Amino acid sequence: MKRIAVLQMTSGIDPEVNARTIVKAFDTAKASAVKMLFTPEMSGLVDRDRKRAITQVVPEGEDRVLAAVREAAAKSGIWVTIGSLAVLREDGSWANRSFVIDGSGEIVARYDKIHMFDVDLDTGESWRESNAYAAGDAVVTVETPLGRLGLAICYDIRFPALFEALGQARCDVIAIPAAFTVPTGKAHWHLLQRARAVEASAYVVAAAQVGRHEDGRSTYGHSLVVDPWGEILLDMGEAEAGLGFAELHPERIADVRAQLPSLANRRDIAI
């Protein structure tokens, strides 16, 4: 059994405040014998005013949130997946980047979100992530205390090819941190998270943003942990931020893959 912690956040426009929230979670996680902590997409900054946000988006080597979390990981000995931070790339564009940090504070994996959230919703909400962010182009997995961890971010969940690749990589756990909108969350959040867990025969850990943010947006919450059979082990609801816990059992992965060997039975389909 491997115990994890999931941090549901209502991140705001001040990275230092957001960093303190994450660092504080390490203390509770350590007291609960947690192996790994997961945070949401945009843990360090949620600000749709890009003229204001630009002053806070810096290269990863200068990012205060990343530095604070690395230090907390080293002090606690707990691994952490930062769901994502907005970081400045060398070409001047931004990356929506996940980080996996080990118990000594070292960055062991990075993943840049591949699929950009460019949508117009019936509610009147319009989002153009590609106006500021450059898309990633690499599938990323890494060995962790939980086994092989695959990385995705939010809107990626709607693109099965990424999760087929993570499944073929035999990931034991897939992190899908998010800042889901409320209308799309109500319609598809639970459905898609459970489907991805079943398809990959893997645990899914989806740390989420929740509630009303300083920049005026609202996010759906419902941070989830889903087992390889599609059963929900943790649902943190849509009411408030906080820390939740779940237990992952490696033998559960093997049992499901033995009963339903869909990864082994996969065949290439010509189009």
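Cut-off values and rules
Residues numbered from 1 in each chain as written. Predicted model: local features only at pLDDT ≥ 70, side-chain atom pairs only at ≥ 80, totals over all residues. Heavy atoms only, no water. Pairing = 2+ DSSP bridges. Helix = DSSP H or I, 4+ residues; strand = E, 2+ residues; numbered from the N terminus. Axes fitted to C-alpha atoms, helices over the stretch in contact; angles between N-to-C directions. Contact = heavy atoms within 4.5 Å. Buried < 20%, exposed > 50% of the residue type's maximum accessible area, 1.4 Å probe, protein only. Arc of directions from axis to C-beta. Parallel < 35°, antiparallel > 145°, perpendicular 65-115°, else oblique. Left-handed = near helix turned anticlockwise from the far one by under 90°. Nonpolar A, V, L, I, M, F, W, Y, C, P; charged D, E, K, R; others polar.

*Asks:* I'm lost on the sheet that holds strand E4 (residues 94-101) in this one. Help?
*Replies:* Strands pair in a sheet through their backbones, by hydrogen bonds, and they do so in one of two ways: parallel or antiparallel. Strand order in this open sheet of six strands is E5-E4-E3-E2-E1-E16, and the pairing throughout is mixed. Each edge of the open sheet carries a strand with a single partner, namely strand E5 (107-112) and strand E16 (242-248). Taking the axes of each pair of neighbouring strands and ignoring which way they run, one obtains an average angle of 25° across the sheet. Of the strand pairs in this sheet, strand E1 (residues 2-8) and E16 are connected by seven bridges, and their pairing is antiparallel. Across the sheet, residue Ala5 finds its bridge partner in E16, namely Phe245. Across the sheet, helix H3 (residues 64-76) lies against strand E3 (79-88), E4 and E5, angled at about 165° from E3, the strand it touches most.

*Asks:* I'm lost on the pairing of strand E15 (residues 232-235) in this one. Help?
*Replies:* Every other side chain in a regular strand lies on the same face of the sheet, so the side chains alternate between the two faces. Strand direction decides the pairing type here: strand E14 (residues 224-226) and E15, joined by three bridges, are antiparallel. Across the sheet, residue Leu224 finds its bridge partner in E15, namely Asp235. In textbook terms, the turn of a hairpin is the stretch between consecutive antiparallel strands, and for E14 and E15 this stretch comprises five residues, one of which, Gly230, has a positive phi near 90°.

*Asks:* Looking at this model, I keep getting lost on the environment of Glu251. Mind explaining?
*Replies:* Inspection of the secondary structure puts Glu251 in helix H6 (residues 250-259). Classification of Glu251 as partly exposed rests on a relative accessible area of 45%. Between the alpha carbons of Glu251 and Val204 there is a distance of 15 Å; along the sequence they are 47 residues apart.

*Asks:* Just to check I follow, could you spell out helix H4 (residues 160-168) for this structure?
*Replies:* Structurally, the α-helix is built with 3.6 residues per turn, so residues lying three or four positions apart point the same way. Leu162, Phe163, Leu166 and Gly167 are the residues of H4 that are buried. With its buried residues spanning 135° around the axis, H4 presents them on a single face. Buried residues belonging to H4 abut E5, strand E8 (141-144), strand E9 (147-151), strand E10 (173-175), helix H5 (182-200) and helix H7 (262-265). Where H4 ends, the next residue or the one after it, Arg170, has phi of about 55°, a positive value.

*Asks:* Looking at this model, I keep getting lost on the sheet that holds E14. Mind explaining?
*Replies:* With respect to topology, six strands assemble into an open sheet ordered E8-E9-E10-E11-E14-E15, the strand pairing being mixed. Strand pairing shows two members of the sheet lacking a second neighbour, E8 and E15, which therefore form its edges. Neighbour-to-neighbour, the strand axes of the sheet open up by a mean angle of 20°, direction not taken into account. Across the sheet, H5 is in contact with E10, strand E11 (203-206), E14 and E15; its angle to E14 comes to roughly 30°.

*Asks:* Just checking my understanding: could you explain unusual backbone geometry for this structure?
*Replies:* One can expect most non-glycine residues to show negative phi and most peptide bonds to be in trans. Not every positive phi belongs to a glycine, and Ala33 is a case in point at roughly 60°. Mapped onto the elements of the fold, Ala33 is located in the loop between helix H1 (15-31) and strand E2 (36-38). With relative accessibility at 56%, the residue Ala33 sits in the exposed group. In this structure, Met42 takes a positive phi of about 55° despite not being glycine. Residue placement: Met42 occurs in the loop between E2 and helix H2 (50-53).

*Asks:* I tried to follow the packing of H1 against H3 on my own but got confused; where do I start?
*Replies:* Helices that pack against each other are described as a pair by the angle of their axes relative to one another and the distance between those axes. Interaxial distance between H1 and H3 falls to 9 Å at its minimum, and their mutual angle equals 15°. Looking at the two axes, H1 sits roughly parallel to H3. In terms of crossing hand, the pair formed by H1 and H3 is right-handed. When H1 is examined against H3, the residues Pro15, Glu16, Ala19, Ile22, Val23, Phe26 and Lys30 are found in contact with a partner set consisting of Arg64, Val65, Ala68, Val69, Ala72, Ala73, Lys75 and Ser76. Counted by class, the contact of H1 with H3 contains ten nonpolar, one polar and four charged residues.

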